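Below are the chains, spelled out letter by letter.
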Amino acid sequence: MDGTTVSRRAFAKLVTAAGAGALGAGAVSAAPAQAAPQTWTTTGTAVSALSAFDDTMKSFMQARHIDAGQLAVTYKGRLVLARGYGNNSPMLIQPTSLFRVASLSKSLTAAAVVRLAQDGKLSLGDPITKFLDLTPPAGQSADPRLAKVTLWRLLQHTGGWDRDLTAFDPVFKDRIIANALDVPMELTHADVIRFMSGQPLMHDPGSTVSYSNYGYLLAGRIVEKVSGLPYETYVKQKLLAPLGITRMGLGETVSRHPGEVGYRSQYTGPTVLDNSGTVVDAPYGTFSMRVHDANGGWLASAIDLVRWATAFDSGSPVLNSTSTGRVFAVPSPTGVNGDGWYYGLGWAVRPVTGGTGRNTWHTGSFAGTYSILVRTYQGMSWAAVFNQRDDESGLSYAPIDSALWTASRAVTSWPTHNLWSKYFA
């Protein structure tokens, strides 16, 4: 990654969490647009040297009528900016307010598997069939190639599933799966796995990169099987607690955690929480947060996300150098793609400066969510989160990436203060 929009546009096509196009998962109709004067509020400490970041967030949010957003920025290991932004928001958005982060969750899940390997509980070369019962529905046969799906391949999106070829992302096809298995909604992970265990792989494992939410759903179950703990508990205990992160947790489909923002979308659709067919706002039941836990279920603030990014720095209390090397290793044999980047374990990676450095990032997208987390080879990182990904303007949300790179280049002198102690014990 070099901060340009070209590579990220390609990445957005690969990693859009919803897999359902711009309308959102399960969306069938649009709610009427509501125009209102825009009242702008900010929280957190204003930093004059970093005003370009504030200006960028304001112009981006106001152009798209986003009512809640956050930004956190670090430099050389210091938290230098932590801001909450409200634009006609019904609640005051704090730097600690919680947002769904969608596919940014994958970096946590991959790190959980890598940590289990670091602790000698498994090997990344193990096949997933060593840990999971992949018995298909009665009358169907499992693809024998499933035995060749290793943990490496699962986490690098080379397991062999391909939602683009099948037009089928199982984590968003609740009703189809429920009907096929004759089970009620809300689906369980076991329902999705049993259905998919009867579906053929589209590629030989290891041969093709194809972004797979389902692969990360499976990874979450492997974490549970090997650790003996619920997925969320293991992540909190082994990955987040050593970094002092206490706010993060798995989100719920309808209920909100204390301090969690509300979510907005133009669209509605039938609920997947039961078989009633009730039409709901897209962020509140057209997909199941329970099903999405390991591939997209986490809540965080922007400051939590940049704190989480430090888990991959030298001297991390979470991952040793061998583990971080595995996270950012070039997948074999697929290698670096034509745009100069590749998918590691839960992160997209772009080698830079002759291969001596790297930029790493991930985005997340649900109906009601857009998020981005970036780690740069220059020692900067930032996270931005929003409570929507669509609006009546029709503007794309992907340009926040290049806009934040531009804001970073406008900084002429980075501040020396450090705000970590304000938000972490």
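Before reading further, recall that the structure is shown in the block above.
Here the residue numbers are simple positions, counted from 1 along each chain's written sequence. Local features in this predicted model are restricted to residues of pLDDT 70 or higher, and side-chain atom pairs are both shown and tallied only at a pLDDT of 80 or more, whereas totals for entire chains, interfaces and linings draw on every residue. The basis for every side-chain value is the complete set of non-hydrogen atoms in the structure, without hydrogens or water.

K.L.:
Go over unusual backbone geometry with me, naming the residues and quoting the values.
P.N.:
Residue glutamate 186 is reached from methionine 185 by a cis peptide bond, and omega for that bond is 15 degrees. To qualify as a helix, a DSSP run of H or I must reach at least 4 residues; to qualify as a strand, a run of E must reach at least 2; elements of each kind are numbered from the N terminus. On the secondary structure map, glutamate 186 appears in the loop between helix H6 (174-181) and helix H7 (189-196). Across the junction of serine 332 and proline 333, the peptide omega takes the value 5 degrees, indicating a cis bond. Along the chain, proline 333 turns up in the loop between helix H12 (321-327) and strand S10 (342-343). A positive phi is found at histidine 157, a non-glycine position, where the angle reads about 60 degrees. Note on placement: histidine 157 falls in the loop between helix H4 (151-155) and helix H5 (163-166).

K.L.:
Describe the pairing of strand S14 (residues 380-386), and please don't skip the residues or the numbers.
P.N.:
Burial classes follow relative accessibility: with a 1.4 Å probe on protein chains only, a residue under 20% of its type's maximum area counts as buried, one over 50% as exposed, and anything between as partly exposed. The buried fraction of S14 is high, at seven of seven residues. A pair of strands is treated as paired once DSSP finds two or more bridges between them. Alignment of strand S13 (residues 369-375) against S14, held across six bridges, turns out to be antiparallel. Residue pairing for S14: arginine 375 is matched across the bridge by serine 381. Joining the antiparallel neighbours S13 and S14 is a turn of four residues, in which glycine 379 adopts a positive phi near 90 degrees.

K.L.:
Describe in detail the packing of aromatic side chains, supporting the description with residues and values.
P.N.:
Aromatic rings in a pair are described by how distant their centres are and how their planes are angled relative to each other. Any pair of Phe, Tyr and Trp rings, taking the six-membered ring for Trp, is counted once the centres come within 6.5 Å. Such a pair is stacked with planes under 30 degrees apart, edge-to-face with planes over 60 apart, and tilted for the rest. Applying the stated criterion across every chain, the model contains 22 aromatic pairs. One aromatic cluster is present, built from ring pairs that chain together Phe53, Tyr75, Trp382, Trp405 and Trp414. We call a charge positioned above a ring when the Lys NZ or Arg CZ atom is no farther than 6 Å from the ring centre and deviates by at most 35 degrees from the ring normal. Seen from the ring of tyrosine 284, arginine 100 lies directly overhead, with NZ or CZ sitting 5.6 Å from the centre.

K.L.:
Break down helix H2 (residues 51-64) for me, citing the residues and quoting the values.
P.N.:
Across its 14 residues, H2 extends 20 Å between first and last C-alpha, which sits within 8% of the 20 Å expected from 1.5 Å per residue. Within the span of H2, buried status applies to Phe53, Asp54, Thr56, Met57, Phe60, Met61 and Arg64. The arc that holds the buried residues of H2, viewed along the axis, is 160 degrees, so those residues lie on one side. Looking at the buried side of H2, the elements it contacts are strand S2 (40-43), strand S3 (68-75), strand S4 (78-87), S14 and helix H13 (400-409). Residue count minus one, scaled by 1.5 Å, sets the expected span of a helix. To obtain the arc, one takes the directions from the helix axis to the C-beta atoms. In what follows, residue pairs with any heavy atoms lying within 4.5 Å of each other are defined as contacts.

K.L.:
For the packing of helix H3 (residues 105-118) against helix H8 (residues 213-227), give the residues involved together with the corresponding values.
P.N.:
Running from amino to carboxyl end, H3 crosses H8 at an angle of 40 degrees, the nearest separation of the two axes being 10 Å. What the angle tells us is that H3 and H8 run oblique. Here H3 and H8 pass one another in a crossing that is left-handed. Between H3 and H8, the residues in contact are Lys106, Thr109, Ala110, Ala112, Val113 and Leu116 and Asn213, Tyr216, Ala219, Gly220, Val223, Val226 and Ser227, respectively. For the contact of H3 with H8, a count of residues per class yields eight nonpolar, four polar and one charged. Between N-to-C directions, angles cover 0 to 180 degrees, with each direction set by a line fitted to C-alpha atoms, over the stretch in contact for helices. Small angles under 35 degrees read as roughly parallel and large ones over 145 as roughly antiparallel, with 65 to 115 read as roughly perpendicular and the rest as oblique. In a left-handed crossing the near helix is turned counterclockwise from the far helix by less than a right angle, and in a right-handed crossing that turn is clockwise. Residues are grouped as follows: Ala, Val, Leu, Ile, Met, Phe, Trp, Tyr, Cys and Pro are nonpolar; Asp, Glu, Lys and Arg are charged; every other residue, Gly included, is polar.

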